[in-house]
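Below, each chain spelled out in residue letters.
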Amino acid sequence: MAEHSVRHRALMEASGFPTTPSKSREAPEIIPAYQGYGAYYIDLYLGSPPQRQTVLVDTGSENIAIPCSGCQDCGNTHTDRPFDPSSSASFVKLNCSDCLSGKCSKSGDKCEVGSSYVEGSSWSGYEAQDFVYAGGRHDQALDIHQDFNDSDDAFSGTDPNNAIKYRFPLKFTCMEKNEGEFKKQKADGIMGLNMKNASLWMQMWNGGNLAKRQFSLCLRRYPFSSLLKQDRPVGIMTLGGTDERLNRSPMVFMKMTERHKRREGFYHVRISKIYLSAEGGQRLGGSNPDIDFTKAVLLEDDKLLLNKDGVVIDSGTTDTILSKDLKPIFDHAWQAITGIDFPDQYIEISPNQLKSWPTIIFQMKSSTSNDALIAFPPSSYMSLDFSTGRYKPTLWFHDKYGTSILGSNFMRSHNVLFDIENGRIGMAESDCDYNELISGEKSNFPDVYANAKEVKQLLQTEHMQSLCEDKGASCFIHQSIWGFTAFLSIALICIALMEVYHHCKGSFVYITVDLDTNKSFDCERNEDMLPTLK
């Protein structure tokens with residue numbers, strides 16, 4: 001390792017690249033989070049000069065792993081090309097004396113690392129080290145030579161241009177092979193955030209780059225389509241603390257329980273009770289609460305049953321999974337309130353009907369006398385497939401994973417503080433609006449109970465706006481196509497109306513064209529399509 005370090009440091013200095021990590025920062029760093037196929041990811045800029053790699057945010061794992069050049073059949077749906085070690089002056093392949101979480105290979109020339117998951121995904125590779133910063137600008141690397149605001153005022157970490165001041169040497173895995181979802185996901189790799197030494201925040205802490213052993217996640221759901229660019233921030237990760245400006249209600253705290261031997265490093269918590277609020281609602285606290293907890297019905301308070309095999313909070317699991325032993329109790333209470341069975345597959349239901357479904361309330365064990373109450377509304381435990389207009393459940397009852405999991409849908413619309421220093425996890429209701437935090441302007445997020453038609457219109461409008469941001473050729477082509485389509489649509493409408501009048505004896509057929517967005521709609525169904533006659 002010494003020879004590698006000297007050689008690469010000399011090469012970096014000769015190339016003009018900085019060779020020292022950032023100092024410890026009092027100000028936490030605010031990083032935008034993005035949404036992939038259900039999971040969330042952030043940007044890492046790795047190497048000298050920096051290369052962007054996107055990584056899933058996973059509090060349930062340890063390692064940071066990304067595809068590197070030469071990765072065998074590692075998928076083609078990712079945001080970026082594999083990381084190219086040969087293009088980075090600061091890249092070091094670790095030898096066996098410097099393994100962090102890997103083991104020395106049989107050949108003795110590298111640290112081998114691998115990980116597999118219950119649903120069948122896996123990856124393997126070798127450990128390396130390079131300089132990295134998280135966040136910054138989504139579409140362009142920052143100049144690591146540039147001047148930045150070096151003050152440690154409370155919110156200097158909010159400015160994306162200051163991301164390089166948090167730059168540090170990261171040990172990570174260069175994937176040589178992956179399987180399953182890692183081939184298909186939008187993010188390039190994965191970033192572990194658990195309490196083991198290879199996780200991102202732990203490496204920053206151990207290297208003296210964070211002032212507190214804390215980080216927070218604030219995530220919200222946004223309609224996603226694999227066919228569109230969609231690089232709008234839908235949440236925030238904060239390293240070194242939390243940003244209280246995000247909170248819409250007082251933060252409540254649950255106690256982190258002792259580590260389980262089989263799941264060391266996970267964020268274990270305990271459920272004290274579960275309630276059902278028959279009248280639904282989204283929020284328990286803040287200035288506009290719409291849940292009356294005094295009317296909630298107790299579902300279960302058997303702590304042994306509620307915490308069978310343990311309970312963990314895991315941002316890397318999309319859904320929430322409780323013990324199968326709870327299902328009969330839950331189904332009975334649900335049936336008594338709603339008169340229907342809780343779905344275990346896709347269901348056709350209107351947003352207004354879903355909005356009236358019960359809100360599940362978790363009472364979480366606290367380190368104080370007052371337990372934490374967390375709302376889990378219908379918008380979190382059901383998910384809209386906007387291509388079909390149907391909803392699917394994201395709450396399940398089974399023991400396949402060997403533990404209960406409060407997934408990213410449980411965390412959604414909350415600012416969640418992982419306070420390792422004080423052995424607790426805090427949650428405050430939040431809009432998780434990165435744009436409002438940075439610019440003061442609220443984002444145009446759809447209502448959590450928006451229907452499929454509204455979602456489609458929003459996505460198409462957003463897609464056009466992203467194409468036209470720079471007034472480029474793509475925008476011109478698309479506008480021209482839409483303009484021609486609108487002209488053709490009007491002509492077709494005229495012909496169609498004449499035909500209808502002739503064949504239907506003057507009956508009126510209601511069809512419109514939206515000239516503001518250059519889109520045509522059939523008014524009875526209001527879908528994105530050329531006019532059709534009923």
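**Student:** So, the nonpolar core: which residues are in play, and what are the values?
**Tutor:** The biggest cluster of nonpolar side chains holds 85 residues, and the ones touching the most others in it are Ile42, Phe172, Leu200, Trp201, Phe362 and Phe418. In this structure, Trp201 is in contact with Leu193, Asn194, Met195, Leu210, Arg213, Phe215, Leu239, Tyr267 and Ile420, ignoring residues within four places of it in sequence. Grouped together as the second largest cluster of nonpolar side chains are 13 residues, Tyr34, Tyr41, Cys71 and Val113 included.

**Student:** Break down the packing of aromatic side chains for me, with residues and values.
**Tutor:** The relation between two aromatic rings is expressed through the spacing of the ring centres and the mutual angle of the planes. Applying the stated rule across the entire model yields 22 aromatic pairs. Centroid distance Phe83 to Phe172: 6.1 Å. Interplanar angle 90°. Geometry classified as edge-to-face. Highlighted residues: Phe83 in the loop between strand 4 (64-72) and strand 5 (92-93) and Phe172 in strand 9 (residues 168-179), separated in sequence by 89 residues. Phe172 shares its class with Phe83; the two are buried. Ring geometry for Tyr117 and Phe182: centres 5.5 Å apart, planes at 50°, overall tilted. Here Tyr117 is found in the loop between strand 7 (111-116) and strand 8 (122-134), whereas its partner Phe182 is found in helix 2 (residues 181-184), with 65 residues between them in sequence. In this structure Tyr117 comes out as partly exposed when scored by relative accessible area, which is 25%. Here a set of aromatic residues connected by ring pairs shows up, and it is made of Phe330, Trp334, Phe342, Trp357, Phe362, Phe376, Tyr381, Phe397 and Phe410. Its end group placed over the ring of Phe445, Arg220 keeps NZ or CZ at 3.9 Å from the ring centre.

**Student:** Quick rundown of the pairing of strand 19 (residues 359-364)? Include the residues and the values.
**Tutor:** Extensive coverage of strand 19 is indicated by the burial of 6 of its 6 residues. With burial as the criterion, each face of strand 19 is covered, one bearing Thr359, Ile361 and Gln363 and the other bearing Ile360, Phe362 and Met364. Sheet topology places strand 19 next to strand 20 (residues 372-376); 5 bridges connect them, and they run antiparallel. Its bridge partner being in strand 20, Gln363 is matched across the sheet by Leu373.

**Student:** Summarise helix 5 (residues 327-338); cite the residues concerned and give the values.
**Tutor:** Taking 1.5 Å as the rise per residue, helix 5 with 12 residues should run 16 Å; its terminal C-alpha atoms sit 16 Å apart, in good agreement. Taken together, the buried positions of helix 5 are Phe330, Ala333 and Trp334. Around the axis of helix 5, the buried residues are gathered within 100° of arc, so they sit on the same side. Set apart from the buried face of helix 5 by more than 90 degrees, the exposed residues are Pro328, His332 and Ala336.

**Student:** Please provide a residue-by-residue account of empty space enclosed by the protein, values included.
**Tutor:** If you roll a probe as big as a water molecule over the atoms, it shows you where there is empty space left. Per the stated rule, a full pass over the model turns up 4 cavities of 30 Å³ or more. What the second largest cavity holds in volume is close to 40 Å³. If you go around the second largest cavity, the residues you meet are Ile274, Leu299, Leu322, Leu326, Phe330, Ile360, Leu395 and Phe397. In terms of residue class, the lining of the second largest cavity is built from 8 nonpolar, no polar and no charged.

**Student:** Can you tell me about the state of the cysteines, naming the residues and giving the values?
**Tutor:** By definition, a disulfide links the sulfur atoms of two cysteine residues through a covalent bond. Inspection of every chain in the model, using the stated rule, returns 5 disulfides. With its sulfur 1.9 Å from that of its partner, Cys96 forms a disulfide with Cys104. Residues Cys96 and Cys104 share a disulfide whose torsion about the S-S bond is about 75°; that sign makes it right-handed. Judged by relative accessible area, Cys96 falls into the partly exposed class, the value being 25%. Across the disulfide, Cys218 is cross-linked to Cys432 (sulfur-sulfur distance 2.2 Å). Here the disulfide of Cys218 and Cys432 is left-handed, its torsion about the S-S bond being about -80°. Separated by 214 residues along the polypeptide, Cys218 in strand 11 (residues 214-219) and Cys432 in the loop between strand 26 (424-429) and helix 9 (434-439) bring together distant segments of the chain.

**Student:** Quick one: what's the story with the confidence of the model for the protein, residue by residue and with numbers?
**Tutor:** When pLDDT is averaged along the protein, the result is 83; 78% of the residues meet or exceed 70. A low-confidence stretch, residues 1-21 (pLDDT under 50), is modelled with 38 contacts involving residues beyond four sequence positions or located in other chains. Contacts from residues 500-534, a stretch scored under 50 in pLDDT, to residues over four places away or in other chains number 57 contacts.

**Student:** I'd like a description of the pattern of salt bridges, backed by residues and values.
**Tutor:** Pairs may arise between side chains of opposite charge once their charged atoms sit close together. Taken as a whole, this structure holds 14 salt bridges when the rule is applied. Asp331 is the salt-bridge partner of Lys327, the closest N and O atoms lying 3.1 Å from each other. Placement of the pair is Lys327 and Asp331 together in helix 5, with a separation of 4 residues, close to one helical turn. Residue classification places Asp331 among the partly exposed residues on the basis of a relative accessible area of 26%.

**Student:** If you had to explain the sheet that holds strand 19 to someone new, which residues and values would you point to?
**Tutor:** The 4 strands are arranged 16-15-19-20 in an open sheet whose pairing can be described as antiparallel. Two strands in the sheet have a free side with no partner beyond their single neighbour: strand 16 (297-300) and strand 20. Across the sheet, the mean angle from the axis of one strand to that of its neighbour is 30°, orientation sign disregarded. Bridging between strand 15 (residues 271-277) and strand 16 involves 3 bridges; their strand directions are antiparallel. From the neighbouring strand, Leu276 faces strand 16, where its bridge partner is Val297.

What counts and how
Residues numbered from 1 in each chain as written. Predicted model: local features only at pLDDT ≥ 70, side-chain atom pairs only at ≥ 80, totals over all residues. Heavy atoms only, no water. Core = buried A, V, L, I, M, F, W, Y, C linked by side-chain atoms within 4.5 Å. Buried < 20%, exposed > 50% of the residue type's maximum accessible area, 1.4 Å probe, protein only. Contact = heavy atoms within 4.5 Å. Phe/Tyr/Trp six-rings, centres within 6.5 Å; stacked < 30°, edge-to-face > 60°. Helix = DSSP H or I, 4+ residues; strand = E, 2+ residues; numbered from the N terminus. Lys NZ or Arg CZ within 6 Å of the ring centre and 35° of its normal. Pairing = 2+ DSSP bridges. Expected span 1.5 Å × (residues − 1). Arc of directions from axis to C-beta. 1 Å grid on protein atoms, 1.4 Å probe; cavity = no way out; pocket = protein on both sides within 12 Å on 5 of 7 lines; lining within 4 Å. Points joined across faces, edges and corners; volume = space filled by probe spheres on them. Nonpolar A, V, L, I, M, F, W, Y, C, P; charged D, E, K, R; others polar. Disulfide = S-S within 2.5 Å. pLDDT = per-residue confidence, 0-100. Salt bridge = Lys/Arg side-chain N within 4 Å of Asp/Glu carboxyl O. Axes fitted to C-alpha atoms, helices over the stretch in contact; angles between N-to-C directions.

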